[in-house]
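# Understanding the architecture of this molecule
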Amino acid sequence: MSPSRARTSRITIGTRAPPRRPRASDVADLGLAEAGDARIAWADAQMPVLRAIRERFARERPFAGLRVGVCLHVTTETANLVRTLIAGGAQVALCAANPLDTQDDVAAALVERHGAAVHAIHGEDMATYYRHIEAVLETRPQLTMDDGADLVSTIHATRTDLLADGGILGGTEETTSGVVRLRALEAAGQLGFPIVAVNEARTKRLFDNRYGTGQSALDGILRATNMLLAGRVVVVFGYGWCGQGIALRAKGAGAQVVVCEVDPVRALEAKLEGYEVLPGVAAAAKGDVLITATGNRDVVRREHYAVMRDGAVLCNAGHFDVECDLAALRELAAERRQVRPHVEQHVLADGRRINLLAEGRVVNLAAAEGNPAAVMDMSFANQALAAEHLVRSAETLEARVHGVPHELDDEVARLTLAALSVEIDALTDAQRAYLTAWEQGT
Ligand code: NAI
């Protein structure tokens with residue numbers, strides 16, 4: 001939905017919710033609540049699907065009295081998901097899924113105006129980050145929501161007491177890397193409750209990962225550097241859903257795109273899409289901008305730094321801060337200096353400068369505002385419906401990683417199309433019969 005069609009109010013700026021402050025929170029500055037609330041309302045206007053779900057939840061109260069522990073990036077879009085859970089009757093405790101991603105005004109608004117307990121401060125150190133995860137677990141959540149599986153892995157590593165007597169009904173996981181970790185937990189026979197892998201919904205990964213990250217990763221790079229992409233060589237490591245979106249948008253901005261892959265099918269896909277495909281070191285030698293989006297560690301490392309061009313921009317749009325070997329980069333640097341917000345310049349012994357963005361953390365969240373609300377609408381509609389599904393099916397779901405049921409996925413697409421005023425055809429009876437019969441050969 002375009003902002004011009006947004007629901008607006010002449011009397012109050014921001015969202016209308018009971019000003020009920022929960023007992024314990026740890027945020028930077030509650031005085032930022034009004035500014036945060038105005039931004040939450042702006043995002044809400046672009047999230048019609050989640051809003052429709054929230055209105056239904058307010059009537060049906062599927063989470064009445066349920067304690068929900070949420071570990072997601074503390075952004076305006078997450079705030080609207082939290083509001084949706086609270087409208088459904090949940091008591092929500094929220095922490096960040098990454099220390100640099102918290103928007104302090106949003107955290108304040110959630111506490112002051114929406115009744116969530118929030119433990120998140122922008123730029124918190126790792127000790128505080130984990131203390132905040134602990135604080136959420138202290139609320140003994142019955143449902144978890146993760147982006148990267150930090151809550152669930154902490155529960156299984158140090159808080160197995162929370163698993164006793166079916167204490168946790170289930171959880172949802174937002175992103176690719178989290179699903180990888182949870183499948184590993186399942187394979188080890190240790191997963192203690194059912195998880196719905198929201199990332200595997202088609203209406204999540206096809207749109208959020210591809211078009212959302214594709215746009216917002218470049219947004220982060222542009223905000224941090226103000227560089228012109230046209231005519232530059234942009235190297236994309238990983239041609240999965242995120243990498244495809246980044247490559248597509250970089251190409252659209254006039255860049256010459258080089259793709260690096262380890263999966264032969266995806267490498268071939270990139271080649272036939274018209275990109276140059278090269279091994280990482282060869283690509284690093286010619287890149288003006290290098291972007292990782294693999295979910296893997298040490299994708300850019302010592303041998304890449306050895307050949308990178310003077311002035312190259314390096315950033316990560318994939319997982320946490322592990323995709324570039326930062327320890328090696330620091331070791332190689334004769335000097336490090338902050339040249340702009342989010343740009344740390346590493347001057348190597350031979351004088352070459354490598355500009356690392358956002359400390360190697362996820363650039364679209366750290367240097368911009370994360371994925372646009374319109375795309376997070378679909379992802380978080382899936383989150384909300386998956387949470388409802390977990391609660392309704394708690395008795396029957398096994399402690400495994402489950403996909404999002406197809407009907408939910410289709411429902412999110414239908415609602416999104418309706419919000420965009422797009423109509424589509426339906427199969428005729430004859431077509432449906434033709435597509436389901438084996439006897440008709442022609
Ligand atoms: P994906 O699994 O579709 O794609 C990852 C690709 O990276 C695969 O094709 C894989 O073969 C490739 N790869 C792995 N190791 C590599 C290496 N050493 N060199 C080159 N290529 C390598 O995953 P998707 O959905 O694209 O997600 C990628 C990462 O981005 C994950 O960590 C995910 O959690 C994260 N993510 C970040 C978002 C953001 O807002 N920044 C949004 C959604 C996902």
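## A closer look at the packing of aromatic side chains
To describe a pair of aromatic rings, you give the distance between the ring centres and the angle between the ring planes. Applying the stated rule across the entire model yields five aromatic pairs. A ring pair is formed by tyrosine 129 and phenylalanine 320, whose centres lie 6.1 Å apart and whose planes are at 55°; its orientation type is tilted. Linking tyrosine 129 in helix 5 (residues 126-138) with phenylalanine 320 in the loop between strand 11 (312-316) and helix 13 (326-332), this pair joins segments that are 191 residues apart in sequence. When sorted by exposure, tyrosine 129 lands in the same class as phenylalanine 320, which is buried. Joined through ring pairs, the aromatic side chains of Tyr129, Tyr130 and Phe320 make up one cluster. A cation over a ring is seen here: arginine 266 above tryptophan 241, with NZ or CZ 5.9 Å from the ring centre.

## Things to note about the site of the ligand
Around the ligand, 27 residues are found, and the nearest of them are Thr175, Thr176, Ser177, Glu261 and Asn364. At 2.7 Å from an oxygen atom of the ligand is found a side-chain nitrogen or oxygen belonging to threonine 176. One of the backbone nitrogen or oxygen atoms of tryptophan 241 is found 3.1 Å away from an oxygen atom of the ligand. Summarising the interface, the protein chains cover 86% of the accessible area of the ligand, which totals 870 Å² for the free molecule. Looking at the shell around the ligand, the elements that each hand over two or more residues are helix 7 (176-187), helix 8 (202-225) and helix 9 (241-252). Among the elements that line the shell around the ligand, the one with the most residues is helix 8, at four residues. Grouping the amino acids of the shell around the ligand by side-chain chemistry returns eight nonpolar, 14 polar and five charged.

## Things to note about the environment of glycine 295
Residue placement: glycine 295 occurs in the loop between strand 10 (289-292) and helix 12 (302-305). The class for glycine 295 is partly exposed, based on a relative accessible area of 37%. Residues glycine 295 and glycine 318, 23 residues apart in the sequence, show an inter-C-alpha distance of 5.3 Å. Not counting residues up to four positions away in its chain, the partners in contact with glycine 295 are Ser177, His319 and Glu323.

## What to know about a nonpolar patch on the surface
Judged by side-chain polarity, Leu420, Val422 and Ile424 come together as a nonpolar surface patch covering roughly 290 Å² of accessible area. Relative to the elements of secondary structure, valine 422 occurs in the loop between helix 16 (406-419) and helix 17 (429-436). Residue class for valine 422 comes out partly exposed when judged on its relative accessible area of 38%.

## Some points on the pairing of strand 12 (residues 333-340)
By the bridge criterion, six bridges tie strand 12 to strand 13 (residues 343-348) in an arrangement that is antiparallel. Across the sheet, residue arginine 340 finds its bridge partner in strand 13, namely valine 343. The antiparallel pairing of strand 12 with strand 13 creates a hairpin that spans two residues between the two strands, and histidine 342 there sits at a positive phi of about 70°.

## What to know about the sheet that holds strand 9 (residues 276-277)
The strand order 9-8-7-10-11-14-13-12 describes an open sheet built from eight strands, whose pairing is mixed. With partners counted over all chains shown, the strands left at the sheet margins are strand 9 and strand 12, one partner each. Pairing analysis gives five bridges linking strand 13 to strand 14 (residues 353-357), with the strands arranged antiparallel. Bridge assignment links valine 347 to a residue of strand 14, and that residue is arginine 353.

## Considering the pairing of strand 7 (residues 233-237)
Along strand 7, five of the five residues are buried, which leaves the element largely enclosed by surrounding structure. Of the pairings in the sheet, the one linking strand 7 to strand 8 (residues 256-260) comprises five bridges and is parallel in character. The residue of strand 8 that forms the bridge with valine 234 is valine 257. Across four bridges, strand 7 lies against strand 10 in parallel orientation. Note that in strand 10 the partner of valine 234 across the bridge is valine 289.

## Points about the pattern of salt bridges
The final tally for this structure, using the stated rule, is 34 salt bridges. A salt bridge links arginine 39 to aspartate 105, with the shortest nitrogen-to-oxygen separation between them at 2.9 Å. Of this pair, arginine 39 sits in helix 1 (residues 33-45) while aspartate 105 sits in helix 4 (residues 104-114), and the two are 66 residues apart along the sequence. On the basis of relative accessible area, aspartate 105 is assigned to the buried category, the value being 14%.

## Some points on the packing of helix 15 (residues 373-392) against helix 16
The geometry of a pair of packed helices is captured by two quantities: the angle between their axes and the separation between those axes. In the contact formed by helix 15 and helix 16, the axes pass within 10 Å of each other and the chain directions differ by 140°. Considering their axes alone, helix 15 and helix 16 lie oblique with respect to each other. You can see that helix 15 and helix 16 cross each other, and the crossing is right-handed. Of helix 16, the residues touching helix 15 (which contributes Met378, Ala381, Asn382, Leu385, Ala386 and His389) are Leu408, Asp409, Val412 and Thr416. When its residues are assigned to classes, the contact of helix 15 with helix 16 shows six nonpolar, three polar and one charged.

## Observations regarding the nonpolar core
Formed by 51 residues in total, the largest nonpolar core has its most connected members in Val68, Val70, Leu85, Val92, Leu110 and Val118. Here this core takes eleven residues from helix 15, the largest share from any one element. Once you skip the residues sitting within four places of it in the chain, valine 68 turns out to touch Leu85, Ala90, Gln91, Val92, Ala93, Pro141 and Leu143. Core analysis: the second largest hydrophobic core is formed by 28 residues, Ala250, Val259, Ala293 and Val313 among them.

## Observations concerning the state of the cysteines
Throughout this description, disulfide means a covalent bond between two cysteine sulfur atoms. Throughout the structure, instances matching the rule amount to zero disulfides. Cysteine cysteine 71 shares no disulfide, and the gap to the nearest cysteine sulfur, in cysteine 95, comes to 3.8 Å. Note on cysteine 242: no disulfide assigned, nearest cysteine sulfur contributed by cysteine 315 at a separation of 13 Å.

## A few points about unusual backbone geometry
Even without being a glycine, arginine 140 presents a positive backbone phi close to 50°. Relative to the helices and strands, arginine 140 is located in the loop between helix 5 and strand 4 (143-146). Residue arginine 140 is classed as partly exposed on the basis of its relative accessible area, which comes to 39%. Of note in the backbone geometry, asparagine 226 takes a positive phi value of approximately 55° without being a glycine. If you trace the backbone, asparagine 226 turns up in the loop between helix 8 and strand 7. Judged by relative accessible area, which is 63%, asparagine 226 ranks as exposed.

Cut-offs and rules
- Residues numbered from 1 in each chain as written.
- Predicted model: local features only at pLDDT ≥ 70, side-chain atom pairs only at ≥ 80, totals over all residues.
- Heavy atoms only, no water.
- Phe/Tyr/Trp six-rings, centres within 6.5 Å; stacked < 30°, edge-to-face > 60°.
- Helix = DSSP H or I, 4+ residues; strand = E, 2+ residues; numbered from the N terminus.
- Buried < 20%, exposed > 50% of the residue type's maximum accessible area, 1.4 Å probe, protein only.
- Lys NZ or Arg CZ within 6 Å of the ring centre and 35° of its normal.
- Near = heavy atom within 4 Å.
- Polar contact = N/O pair within 3.5 Å; in protein donor to acceptor, adjacent residues only side chain to side chain.
- Areas by Shrake-Rupley, 256 points an atom, 1.4 Å probe, with all protein chains shown as cover.
- Nonpolar A, V, L, I, M, F, W, Y, C, P; charged D, E, K, R; others polar.
- Contact = heavy atoms within 4.5 Å.
- Patch = residues over 30% accessible without salt bridge, like charges linked within 9 Å, V, L, I, M, F, W, Y side chains within 5 Å.
- Salt bridge = Lys/Arg side-chain N within 4 Å of Asp/Glu carboxyl O.
- Pairing = 2+ DSSP bridges.
- Axes fitted to C-alpha atoms, helices over the stretch in contact; angles between N-to-C directions.
- Parallel < 35°, antiparallel > 145°, perpendicular 65-115°, else oblique.
- Left-handed = near helix turned anticlockwise from the far one by under 90°.
- Core = buried A, V, L, I, M, F, W, Y, C linked by side-chain atoms within 4.5 Å.
- Disulfide = S-S within 2.5 Å.

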